[in-house]
Amino acid sequence: MAEFEIRFDKLDQPQFDRVVEAVLIEEFTGNGFRAQPLDGRGGDGGIDVGVWDMSKHVVRIFQLKCFPEGFSGMWRPRRKQVQVSFDSAMKNHHSKHWTLVIPGNPSREEREFVLGLRGDRDMQTDIIGRAELDNLLGKHSHLLEVFASDRVLRFAQALGKPEEALAHSDDLGVVLDRVHGRLRAQSPHWGWAFSVDAHGNQMHQLVPRHPDAHIAEPLAMEMTATFTKDTEDLREQFDRAMRFGVAETIVLPHDVVPSISRSGADWFAGEKPVEELHLVPLDAGAGTPVSLVAQDSEGVQIGSIAGTVKRFARGAEGGQLIVDFIGGLVAHWIVPTDTDAPPQDVTFTTSNGGVPVREVRRLTRFMGQFDSAHRVAIRVKGHDFAAFTLGGGDRHEPDPALLAFVDDLVFIEDELDVQFLFPREGVSTADRRWAAALREVLKGSLAPMPNVDGYNMTLDGGYDDALLAGLRADGMRLFRRLPQFTRELLGVDVVLRDLVIHQHEAVVEDGEAHVAALQAGSGAGRVAHAVSSKKYPWLMYKPDRLKNKGHLPPLADLAVPGVPEHTGMSALRNRLEADAQLVR
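Remember, predicted model here, so these are calculated numbers, not experimental data.

Student: Please explain the sheet that holds strand 8 (residues 220-223) as it appears in this structure.
Tutor: In a beta sheet, neighbouring strands are held together by backbone hydrogen bonds and run either parallel or antiparallel to one another. The sheet built from three strands is open, its strands ordered 8-10-11 with antiparallel pairing. Bordering the open sheet on either side are strand 8 and strand 11 (270-273), each of which pairs with just one other strand. Taken over all neighbouring pairs, the strand axes of this sheet differ in orientation by 25 degrees on average, direction set aside. In this sheet, strand 11 lies alongside strand 10 (residues 259-263) in antiparallel orientation, the contact comprising four bridges. Bridge assignment links Ile260 to a residue of strand 11, and that residue is Lys272.

Student: Help me out: how do you make sense of the environment of Val101 in this one?
Tutor: The residue Val101 is located in strand 4 (residues 97-101) in this model. The class of Val101 is buried, set by a relative accessible area of 1%. Val101 sits 200 residues away from Gln301 along the chain, and the two C-alpha atoms are 84 Å apart. Excluding residues within four positions of it along the chain, Val101 makes contact with Phe16, Val20, Phe62, Gln63, Leu64, Lys65, Ile128 and Leu133.

Student: Which parts of the structure should I look at to understand the pairing of strand 18 (residues 375-380)?
Tutor: Pairing analysis gives six bridges linking strand 13 (residues 289-295) to strand 18, with the strands arranged antiparallel. Within the sheet, the bridge partner assigned to Leu292 lies in strand 18 and is Ile378. Pairing geometry for strand 18 and strand 19 (residues 383-389), over six bridges, is antiparallel. Bridge pairing in strand 19 links Ala377 to Ala387. The hairpin turn running from strand 18 into strand 19, its antiparallel successor, is two residues long, and Lys381 in that turn takes a positive phi close to 50 degrees.

Student: Looking at this structure, how should I read the pattern of salt bridges?
Tutor: A side chain of one charge can pair with a side chain of the opposite charge when the charged atoms of the two come close. Counted according to the given criterion, the structure contains 25 salt bridges. Two residues, Glu248 and Arg311, come together in a salt bridge whose shortest N-O distance is 3.4 Å. With Glu248 in the loop between helix 9 (232-244) and strand 9 (250-253) and Arg311 in strand 14 (residues 301-314), this residue pair connects regions lying 63 residues apart in the sequence. For Glu248, a relative accessible area of 41% corresponds to the partly exposed category. Note that Asp414 and Arg358 form a salt bridge whose closest N and O atoms lie 2.8 Å from each other. Taken together, the positions of Asp414 in helix 11 (residues 400-416) and Arg358 in helix 10 (residues 357-370) put the pair 56 residues apart, joining distant regions of the chain.

What counts, and where the lines are drawn
Residues numbered from 1 in each chain as written. Predicted model: local features only at pLDDT ≥ 70, side-chain atom pairs only at ≥ 80, totals over all residues. Heavy atoms only, no water. Pairing = 2+ DSSP bridges. Helix = DSSP H or I, 4+ residues; strand = E, 2+ residues; numbered from the N terminus. Axes fitted to C-alpha atoms, helices over the stretch in contact; angles between N-to-C directions. Buried < 20%, exposed > 50% of the residue type's maximum accessible area, 1.4 Å probe, protein only. Contact = heavy atoms within 4.5 Å. Salt bridge = Lys/Arg side-chain N within 4 Å of Asp/Glu carboxyl O.

What follows is the structure in structure tokens.
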């Protein structure tokens, strides 16, 4: 686009304003400042373009006057317009910098006039003309193409290729088809896959047109990588990639690989400078189903787990295989070409966050079998791709607390038709307790309610002797039957229908005050808070799960590994055993 230019002195006021506004926005927006033009139809207060800071204070004002002839000599009366604009800006704003923008270069007298506008004010005034505008437009040259687009379109139409102007959305496809056709003519054996992102970064990938392209038209690339102490990690990554293939993207900066030398066909050969060299893995084998198999010393399979290949790469000495297994397990194997040699490195990493708990349980159970194994193999389509023998080092047996938690969650899933995902942020003690409590309730037991030390009841104003006696009682058996009880667990609402909440020794705090309010007719809306007078836990059970109808179910411990039971469980159990025939 260098053959096009913008002649500011040939523009009318709207055209001049449009170009200058865009240039000023590009130049003065950034680093916490924002330049923005104001529409004068509602009164711009003396600002054509303003620059605001992060505190929304205007720090600079630009006034645009399309005076191609200037404002001296016979055009001297225009100075009154400049004066009026300046006075309006000073009256309405408190900027420390005011600038007049004109399409031509100012004369000495015009410059002195603008500089003198400030008078004794503590501020700066100046003027921008054609030279400064040309400089700013050169600095932001992409704007030249924006404002020259109409001329480009006319020029392209004259050539018979109006799509080259990219004036319409479909034009890009036409131009790319033309480029692709020229690239196809470049070589019958090789093609280019290319793209340009929104920031102008280009991606080129050489693609063979047939399996024997490297024989029919051999191409070669050479590079020299220079590593220092500061890039020692890159050296190790690069060395592994050369020996066993590129399994993860490696980015080599310019100071490591300054250029690449290409040889072969004329269209390919040459020296190419490098800003960054990306060694990108291919997706060879991606999605292939595999299994991780554990065998005992006799070769008998004792467990397996399914997965899919994420990536497979080959290098001069062997290959790298990365597999995603269910439950969040990732296995990374580096396998030498020599099939008699054991894997050079085997790494297992686990990330359960966001994984269905049923898959997490499958993985944890397999890892328990894993530690009993003598030999572990990656099996692809019935054949062992690689295997190694376990020694007496690190073990993989799962944490009993984790296994108990996922067992509880899977049990709840089966009973209530819900689905849990393992939490990314970790498991809380409260979640573990509630999972165990819900498990026991669904099994038909009487379970302590975790983290509950009281129960609220809202009085409706009505009462009878039984209610008044209960409010006054020092210790009463309290049963509360709920048609629906909801508890959030790992982001899932667990809903229990027809749940009974029970306290063997309940006392209502401020019971006499509630009685007095009810008798006085002012009890409606009062919240009565009941607690256990004996520090017993609050219990819950589902009547429809009872095996012995009409009797309280057996009291169950939560049995959460590493978490103590409620401090009142032992005393309550003794009390219930002494009163085993307690009936609702």
